[in-house]
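Residue-level structure breakdown
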Amino acid sequence: METRTQLRPRLATDPTELVPELTDVSAALFRATGNHSIPRTTISLVQLRAGQIVGSTYLAVLHTGFLRKAGESEERITSVATWQDSPWFTAPERAALALVEAVLQPNPDGERVSDSLYAEATEHYDDKALTTLMIAIGQVNFFIPVALIAKPVPGRAFNAPWA
């Protein structure tokens, strides 16, 4: 029988207790991405992919949970890591996933977000939706240092990973 290690966050105190303004920033980012210009599912797919890219179990589990609660299939959720050859994503979702990968991964051949990738994204998203997508990528990027440095406990409630 396998035993699991008791998980504890690396930072013992919830960052929002130490810097209460973090709650306001988080709420503002959530409101900004919740303007209905792109589906919430697309945002969660992008943020799940970001968690996978940076190697954050907390973010991967969090966004997987959001997708499950939204009724997404296990095939779609599990194939986010290999979205390029997965049949379960729409063209707009593929453009969004390509954007988050471009932002988070260095491109040895030039700039991260190429003109062709930008053009592909604008085929699927108007200016407001594209801006919302940029904010969604920024939102998860804002929390990557918290996830990697403070290490909240994966699987605990979104509003209580330190509880």
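Right, let's walk through the structure included here. Keep in mind that what you see is a predicted model, and the values were worked out from it rather than measured. One numbering rule holds for all chains: residues counted from 1, following each sequence as written. With pLDDT at 70 or above as the cut-off, local features in this predicted model cover only qualifying residues; side-chain atom pairs require 80 or more to be listed or tallied, and sums for whole chains, interfaces and linings still use all residues. Remark: hydrogens and water are excluded; side-chain values derive from all non-hydrogen atoms of the structure.

Quick notes on a nonpolar patch on the surface
Residues form patches when they are more than 30% accessible in relative terms and have no salt bridge. Like charges link within 9 Å. Nonpolar side chains (Val, Leu, Ile, Met, Phe, Trp, Tyr) link within 5 Å. Working definition of accessibility: Shrake-Rupley area with a 1.4 Å probe, residue cover restricted to the visible protein chains. We count a salt bridge whenever a side-chain nitrogen from Lys or Arg sits within 4 Å of a carboxyl oxygen from Asp or Glu. Judged by side-chain polarity, L11, L18 and V19 come together as a nonpolar surface patch covering roughly 250 Å² of accessible area. For V19, the location among the structural elements is in the loop between α1 (15-18) and α2 (21-33). Put simply, DSSP H or I for four residues or longer makes a helix, DSSP E for two residues or longer makes a strand, and each gets a number counted from the N terminus.

Considerations on the pattern of salt bridges
With the rule as written, the count across this model stands at four salt bridges. The residue E74 makes a salt bridge to R68 at a minimum N-O spacing of 2.7 Å. Across the pair E72 and R76 runs a salt bridge, and its minimum N-O distance is 2.4 Å. Here the two residues E72 and R76 agree in accessibility, since each one is buried. Partly exposed residues are those whose accessible area sits between 20% and 50% of the maximum for their type, while under 20% is buried and over 50% is exposed, using a 1.4 Å probe and protein chains only.

Quick look at the nonpolar core
Nonpolar cores were defined as sets of buried Ala, Val, Leu, Ile, Met, Phe, Trp, Tyr and Cys residues, with membership established by side-chain atoms within 4.5 Å. Core analysis: the biggest nonpolar cluster contains 34 residues, and L59, L99, Y125 and L133 have the highest contact counts within it. Elements that contribute at least two residues to this core include exactly α3 (40-54), α4 (57-69), α6 (91-104), α7 (115-124) and α8 (127-150). Here, residues are in contact when the closest pair of their heavy atoms is within 4.5 Å. Beyond its immediate chain neighbours, meaning those up to four positions away, L133 contacts I38, V46, A96, L99 and Y125.

Some details on the packing of α3 against α8
Their axes nearest at 10 Å, the elements α3 and α8 cross at an angle of 35 degrees. Our pair here, α3 against α8, has a crossing hand that is right-handed. Across the interface between the two elements, I43, V46, Q47, A50 and V54 from α3 touch L133, A136, I137, Q139, V140, I144 and L148 from α8. Each residue belonging to the contact of α3 with α8 can be placed in one class, and the counts come to ten nonpolar, two polar and no charged. Note on geometry: axes are C-alpha line fits, over the in-contact stretch for helices, and angles between N-to-C directions span 0 to 180 degrees. Should the near helix be turned counterclockwise from the far one by less than a right angle, the crossing is left-handed, whereas a clockwise turn marks it as right-handed. For this scheme, ten residues count as nonpolar: Ala, Val, Leu, Ile, Met, Phe, Trp, Tyr, Cys and Pro. Four count as charged, namely Asp, Glu, Lys and Arg, and the remainder, Gly too, count as polar.

A closer look at the side chain of E72
Inspection of the secondary structure puts E72 in the loop between α4 and α5 (74-78). Setting aside its immediate chain neighbours within four residues, E72 contacts T41, L67 and I77.

Structural notes on α3
Three or four residues apart is the spacing at which side chains of an α-helix point the same way, because the helix has 3.6 residues per turn. Given a rise of 1.5 Å per residue, 15 residues ought to cover 21 Å, and the 21 Å separating the end C-alpha atoms of α3 matches this to within 8%. Of all 15 residues that make up α3, eleven are buried, and the element is covered over most of its length. Buried within α3 we find T41, T42, I43, S44, L45, V46, Q47, L48, R49, A50 and G51. Those residues of α3 hidden inside the fold are in contact with α2, α4, α5, α6 and α8. Expected span of a helix: the number of residues minus one, times 1.5 Å.

Quick look at the side chain of E101
In this fold, E101 is placed in helix α6. Here a polar contact is taken to be a pair of N or O atoms separated by no more than 3.5 Å, where protein atoms must pair a possible hydrogen donor with a possible acceptor and residues adjacent in sequence count only if both atoms sit in side chains. Within polar-contact distance, the side chain of E101 engages the side chain of Q84 at 3.2 Å. Excluding its chain neighbours within four sequence positions, the residues that come into contact with E101 are R49, I53, W83 and Q84.

Topic: α8
Taking 1.5 Å of rise per residue, 24 residues should cover 34 Å, and α8 covers 35 Å from first to last C-alpha, within 8% of that figure. The angle between axes fitted to the seven-residue stretch ending at a residue and the seven-residue stretch beginning at it gives the bend at that residue. The axis of α8 is deflected most strongly, by about 30 degrees, at F143, and proline P145 appears within four residues downstream. Against the buried residues of α8 lie α2, α3, α4, α6 and α7. For α8, the N-terminal cap is D126; the gap from its side-chain oxygen to the backbone nitrogen of K128 is 3.2 Å. Immediately downstream of α8, the backbone of K151 shows phi near 55 degrees, a positive value.

Brief notes about the environment of Q105
Looking at the element boundaries, Q105 is found in the loop between α6 and α7. Relative accessible area serves as the criterion here: at 31%, Q105 is assigned to the partly exposed category. Separated by 51 residues in sequence, Q105 and V54 have C-alpha atoms that sit 9.3 Å apart. If we skip the residues at most four places from it in the chain, Q105 touches R49, I53 and R112.

Any link to function would need more than the numbers given here.
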